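Observations on the three-dimensional arrangement
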Amino acid sequence: MARLLEQYRKEIIPTLVKRFNYASVMQVPKILKITLNMGLGEAVDNKKVVEFGVADLTKIAGQKPVVTLARKSIAGFKVREGWPVGCKVTLRGKKMYEFLDRLITIALPRVRDFRGLSIKAFDGRGNYSLGFKEQIVFPEIEYDKIDAIRGLDITITTNASSDKEARALLEAFSFPFREKEAG
């Protein structure tokens, strides 16, 4: 069993039941899925970029991503309908908890000038989104073998009914949130 899943079942559920006075343990919010998305806008000029992006995301997530296609043509971006413009992967279950563990313990501490995650990134329905400017913060990516530095977005989807409950859940997983929001 994944380390964080075991921690969730043994420590986090009782803590949240006590904190929010839930009548049942089934009311406790849980992480449903983690979605990783990498936009590959430069794939318009060079089709190899899609292969490199898919390879990077496969190493990071541990499973093969889906190549996303343009829904409609946009002349300003020189994109035609059906052209590849990115890739995404959805993690659930054991792989999701293992990725979350690597994200919290390895990737986030490796981010340059890291001062904590923003608490403003909740969407109002209990989901949290964060972005990385470079994929090299993940140890699976070898710096010498990448063609370009690309960013990726990570969305953590929970079944929490409010941002307050979702934040309590992520803090219980020891997410490094910023104490005071700057600006």
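Note that the structure is a prediction, hence the values are computed from the model and not measured.

**Some words on unusual backbone geometry**
- Of note, N21 is a non-glycine position whose phi angle comes to about 50°, a positive value.
- Secondary-structure assignment places N21 in the loop between helix 1 (3-20) and strand 1 (31-39).
- Exposure remark for N21: the relative accessible area of 64% places this residue in the exposed category.
- With phi around 65°, S174 is a residue other than glycine that occupies positive phi space.
- Its location among the elements puts S174 in the segment after helix 4 (163-172).
- Taking the relative accessible area as the measure of exposure, S174 reaches 48% and is therefore partly exposed.

**What about the nonpolar core?**
- In terms of nonpolar packing, the biggest core is built from 52 residues, with L36, L100, L103, F138, I154, F173 and F175 touching the most fellow members.
- Elements with a minimum of two residues in this core: helix 1, strand 1, helix 2 (48-61), strand 3 (84-91), helix 3 (93-107), strand 4 (128-132), strand 5 (152-158) and helix 4.
- Not counting residues up to four positions away in its chain, the partners in contact with I154 are I34, T35, L36, F99, L103, Y128, S129, L130, F132 and F138.

**Points about the side chain of E165**
- As for its placement among the helices and strands, E165 is situated in helix 4.
- It is K164 that comes nearest to the buried, bridge-free E165 among opposite-charge side chains, at 7.9 Å.
- In contact with E165, other than residues within four places in its own chain, are F20, Y22, P29 and A160.

**Observations regarding helix 2**
- The terminal C-alpha atoms of helix 2, which comprises 14 residues, lie 20 Å apart, in line with the 20 Å expected from a rise of 1.5 Å per residue.
- When helix 2 is considered as a whole, its buried residues turn out to be V49, V50, G53, V54, D56, L57, I60 and A61. Projection of helix 2 onto a plane perpendicular to its axis shows the buried side chains occupying an angular sector of 165°, all on one side.
- Downstream of helix 2 by a residue or two, G62 has a phi angle that is positive, lying close to 85°.

**Observations concerning the packing of helix 1 against helix 4**
- The contact between helix 1 and helix 4 brings their axes to 10 Å, and the two run at 140°. In this structure, helix 1 meets helix 4 at a crossing whose hand is right-handed. In this structure, helix 1 contributes Q7, Y8, I12, L16, R19 and F20 to the contact, and helix 4 contributes K164, E165, A168, L169, E171 and A172.
- Grouping the amino acids of the contact of helix 1 with helix 4 by side-chain chemistry returns seven nonpolar, one polar and four charged.

**Overview of the sheet that holds strand 4**
- Ordered in space as 2-3-1-5-4, the five strands form an open sheet in which the pairing is antiparallel. Of all strands in the sheet, those bounded by a partner on one side alone are strand 2 (66-69) and strand 4. Taken over all neighbouring pairs, the strand axes of this sheet differ in orientation by 25° on average, direction set aside.
- On top of the sheet, helix 3 reaches strand 1, strand 3, strand 4 and strand 5; it is set at about 65° to strand 1, its chief contact.
- This element, helix 4, spans strand 1, strand 4 and strand 5 of the sheet and lies at about 110° to strand 5.

**Structural notes on helix 4**
- Here helix 4 has its buried residues at E165, A166, A168, L169 and L170.
- On its buried face, helix 4 sits against helix 1, strand 1, strand 4 and strand 5.

Parameters and conventions
- Residues numbered from 1 in each chain as written.
- Predicted model: local features only at pLDDT ≥ 70, side-chain atom pairs only at ≥ 80, totals over all residues.
- Heavy atoms only, no water.
- Helix = DSSP H or I, 4+ residues; strand = E, 2+ residues; numbered from the N terminus.
- Buried < 20%, exposed > 50% of the residue type's maximum accessible area, 1.4 Å probe, protein only.
- Core = buried A, V, L, I, M, F, W, Y, C linked by side-chain atoms within 4.5 Å.
- Contact = heavy atoms within 4.5 Å.
- Lys, Arg positive; Asp, Glu negative; His and termini not counted.
- Salt bridge = Lys/Arg side-chain N within 4 Å of Asp/Glu carboxyl O.
- Expected span 1.5 Å × (residues − 1).
- Arc of directions from axis to C-beta.
- Axes fitted to C-alpha atoms, helices over the stretch in contact; angles between N-to-C directions.
- Left-handed = near helix turned anticlockwise from the far one by under 90°.
- Nonpolar A, V, L, I, M, F, W, Y, C, P; charged D, E, K, R; others polar.
- Pairing = 2+ DSSP bridges.

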